[in-house]
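Understanding the architecture of this molecule
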Amino acid sequence: MTTTLPFTDWLVLAIFALAVGLTLAGALIAVLTTRIIRGVAGLMICCIGLAGLYYFLNSPFLALMEILIYVGAVCVTIVFAVMMAEPDESPSTQPVRSGHWWGAVAILIALLIGGGLARLALAGPWPDAPIERVNDGSVAALGASLLTTYSLAFEAISLVLLVAILGALVIARGGPPPHPGPP
Amino acid sequence: MSFLELEPIRILVYLVGICAFVGGNAAYLVLAERKGAGRIQRRPGPNEAGWGGWMQPFADGIKLLAKQVMVPPGTDSLLFRAAPLMVMAPPLMCLATIPFSDSLVARNLNIGLLFVFSFGSINVMALMLGGWASRNKYSIISAARVVSQSVAYEIPMLLVVITMLMVSGTMNLQEIIVQQGGGFWHWNLFKVWVNPLMPVTFVIFFTCMLAETNRAPFDMAEAESELVAGAFTEYGGMGFGVFFMAEYANIVVGCCLATVLFLGGWQSPIGYLSGGLWGLGWFLLKVYALISTVIWIRWTFPRTQFYSLLNLSWKILIPVSLVTLLLTGAMLKIPLLFR
């Protein structure tokens, strides 16, 4: 397309900022809120923002899969678990003492991972070759690459599901926690 | 190059068009629903506003707009306000890739089928959040029902869609329609040489569509006689109106998708007259025929029990759709062995 709108760059930048903002805001909501249902909503917003970022990286398939799997399946499944909890839970007022330590450890790990990734992205070598289409993006090409080039990753995902099922079994076998009786 | 051919402007024009289409449909499908209900129950239905009641949607709209939006104390007010916004967005997104005729499509995506289903899967979260944020016994029961019903029916629906994907070999909705050209015997619904169970596949898809859009006989989420209005109990005014509009928008999306996947989209049933405006006409004719069926089913069948609803999905629809999937795969691939 030869002619474009005069403010196209700004439009693209604004949409990119929207995607980044949604991701960050969603993640912050998911972490900082005390109500578990809002945490799920935050996770959902974060995933939608991530899908926008994938779209910016020219991967619409990945973006839609992110929405279909993480918003449509994972978040709904988490909600299933949330529904086992009390609907009108009051946010806990007393902070757990050991929570601070765990928080510090978590921040340290997050900083290490984030810093490492940022350093890799900034200092690491990027391929100079121009971007080219790997295949035509058809269903057949997609299936072929999932079952040949990326079959290891494809199979590894099923391991995650196995672990999830095992975890569910372990939790379910323990039964509900004993009800606190009258003192 | 004219101003209209710029991509952002074109998308904007289509967006406005889709919003108008969804709004007009929601308004007049409510009237059609009430008229249909009246017809089936042997009463006239709304007939006071305008000739034969055709002004009724305006009266309803003004009434809903004039009502105050109340946020009852004790609700999770943030999520309570966010839910009506979230419930309306997914169907609008889905319509962006639905081809209404051979040239009338906002964005002809290569992965259109995936696009519709990924945004269609968000809908349940919005209903759930609305019900949960209301902090009302009936709404919470309704939210739990919405989630379990949607999880149960998403599986056979996606299995059917994978079957259709194997038949067509593409996720581009426009290409799926082009493959079904040349008369109604080429429609996927009648392609019994690909899979003898194809009509059964269509019935499964239609049933799942009814369940996913929470329509009777599967409207366990609303169930006005037992749960007041389910997830929308606490909503008044336009908050309630938006949930209602979203329900009809979802029906439109579901019927459009059924038309594209099984009934040949904008292809003419007789083999010619399927280009341009004719295509649009055929498409809308098929979509509205399906929507009338949806309304007809609602007022004909009583609401099912919740357990039989889940049993229907897990014990009947999922096994049958797996069988159709395997059968289609076998019938597509086994002839290749002997070639």
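Residues numbered from 1 in each chain as written. Chains lettered and ligands numbered in written order. Predicted model: local features only at pLDDT ≥ 70, side-chain atom pairs only at ≥ 80, totals over all residues.

Turning our eyes to something else, we now look at the overall build of chain B. When its secondary structure is counted, chain B shows twelve helices and zero strands. Mapped in sequence order, the helices and strands of chain B form the string α-α-α-α-α-α-α-α-α-α-α-α. Rg of the C-alpha trace for chain B: 21 Å, near the compact-globule value of 20 Å for 339 residues, within the 12% margin. Per-residue burial for chain B yields a buried fraction of 46% across its 339 residues. In chain B, the share of contacts with a sequence separation of at least 24, taken over all contacts with a separation of at least 6, comes to 77%. (Helix = DSSP H or I, 4+ residues; strand = E, 2+ residues; numbered from the N terminus. Rg over C-alpha atoms; globule rule 2.2 N^0.38 Å. Buried ≥ 20, exposed ≤ 12 C-beta atoms within 10 Å, placed from the backbone. Contact = placed C-beta atoms within 7 Å.)

A word on the overall build of chain A. If you tally the helices and strands in chain A, you get six helices and zero strands. Along chain A, helices and strands appear, N-terminal first, in the series α-α-α-α-α-α. The buried share of chain A, taken over its 183 residues, is 13%. Across chain A, the fraction of contacts at a sequence separation of at least 24, relative to all contacts at a separation of at least 6, is 43%.

A separate point is the nonpolar core. Grouped together as the largest cluster of nonpolar side chains are 111 residues, with contacts concentrated most on Met125(B), Met128(B) and Leu129(B). For this core, the leading source of residues is helix H10 (residues 237–262) of chain B, giving 17 residues. Setting aside anything within four residues of it in sequence, one finds Leu129(B) in contact with Ala41(A), Leu79(B), Ala82(B), Ala83(B) and Met86(B). (Core = buried A, V, L, I, M, F, W, Y, C linked by C-beta atoms within 7 Å.)

Residues and elements named next belong to chain B. Its identity is not glycine, yet Arg-42 carries a phi of approximately 55 degrees, on the positive side. You can see Arg-42 is positioned in the loop between helix H1 (7–40) and helix H2 (56–66). By the C-beta count within 10 Å, which is 6 here, Arg-42 ends up exposed.

The next subject is the interface of chain B and chain A. In this complex, chain B contributes 30 residues to the contact, which on the side of chain A involves 28 residues. For the side of chain B that touches chain A, the secondary structure elements donating two or more residues are H1, helix H4 (112–120), helix H5 (123–133) and helix H6 (137–168) of chain B. Considering every element that reaches the side of chain B that touches chain A, the biggest residue donor is H6(B), with six residues. Here the side of chain B that touches chain A is composed, by residue class, of 21 nonpolar, six polar and three charged. (Nonpolar A, V, L, I, M, F, W, Y, C, P; charged D, E, K, R; others polar.)

Right, let's talk about H6(B) for a bit. All names here are of chain B. Over its 32 residues, H6 runs 46 Å from end to end, which matches the ideal 46 Å to within 8%, given 1.5 Å per residue. In the structure, H6 departs most strongly from a straight axis at Glu-154, where the bend amounts to approximately 25 degrees and where the proline Pro-156 lies between one and four residues downstream. Following H6 by one or two positions, Gly-169 has its phi on the positive side, about 75 degrees. (Expected span 1.5 Å × (residues − 1). Bend = angle between axes of the 7 residues up to and from the residue.)

Residues and elements named next belong to chain B. Running from N to C, H1 and H10 point in directions that differ by 105 degrees, and their axes come no closer than 9 Å. Judged by the angle between their axes, H1 and H10 are roughly perpendicular. Two secondary-structure elements touch here, H1 through Val-22, Asn-25, Ala-26, Leu-29 and Val-30 and H10 through Met-245, Tyr-248, Ala-249 and Val-252. Partitioned by chemical class, the residues of the contact of H1 with H10 number eight nonpolar, one polar and no charged. (Axes fitted to C-alpha atoms, helices over the stretch in contact; angles between N-to-C directions. Parallel < 35°, antiparallel > 145°, perpendicular 65-115°, else oblique.)

Residues and elements named next belong to chain B. Inspection of the secondary structure assignment puts Ile-40 in helix H1. Taking the C-alpha atoms as reference points, Ile-40 and Pro-57, 17 residues apart in sequence, are found 20 Å from one another. The contacts of Ile-40, once residues within four sequence positions are left out, are Trp-299 and Thr-300.

Turning our attention to the environment of Val260(B). All names here are of chain B. With respect to the helices, strands and loops of the structure, Val-260 is situated in helix H10. Here Val-260 falls in the buried class, since 27 other C-beta atoms lie within 10 Å of it. When the C-alpha atoms of Val-260 and Ile-177 are compared, they prove to be 6.1 Å apart, with 83 residues separating the residues in sequence. Apart from the residues lying within four places of it in its own chain, the contact partners of Val-260 are Ile-98, Leu-173, Ile-176, Ile-177 and Gly-265.

Think of two packed helices as two axes; the pair is described by the angle between the axes and how far apart they sit. At a minimum axis separation of 8 Å, helix H3 (residues 60–82) of chain A and H4(B) run at an interaxial angle of 25 degrees. Judged on the interaxial angle alone, H4(B) and H3(A) are roughly parallel. Judged by the twist between their axes, the crossing of H3(A) over H4(B) is left-handed. Between H3(A) and H4(B), the contacting residues are Leu64(A), Ile67(A), Leu68(A) and Gly72(A) on the first element and Leu114(B), Phe115(B), Phe117(B), Ser118(B) and Phe119(B) on the second. Of the residues contributing to the contact of H3(A) with H4(B), the split by class is seven nonpolar, two polar and no charged. (Left-handed = near helix turned anticlockwise from the far one by under 90°.)

Right, let's get into the confidence of the model for chain B. Averaged over all residues, the pLDDT of chain B equals 83, while 98% of them reach at least 70. With pTM at 0.83, the complex prediction returns an ipTM value of 0.78. (pLDDT = per-residue confidence, 0-100.)

Turning next to the environment of Leu285(B). All names here are of chain B. With respect to the element layout, Leu-285 can be found in helix H11 (residues 276–300). Judged by the 14 C-beta atoms lying within 10 Å of it, Leu-285 is partly exposed. Expressed as a C-alpha distance, the spacing of Leu-285 and Thr-259, which sit 26 residues apart in the sequence, is 9.9 Å.

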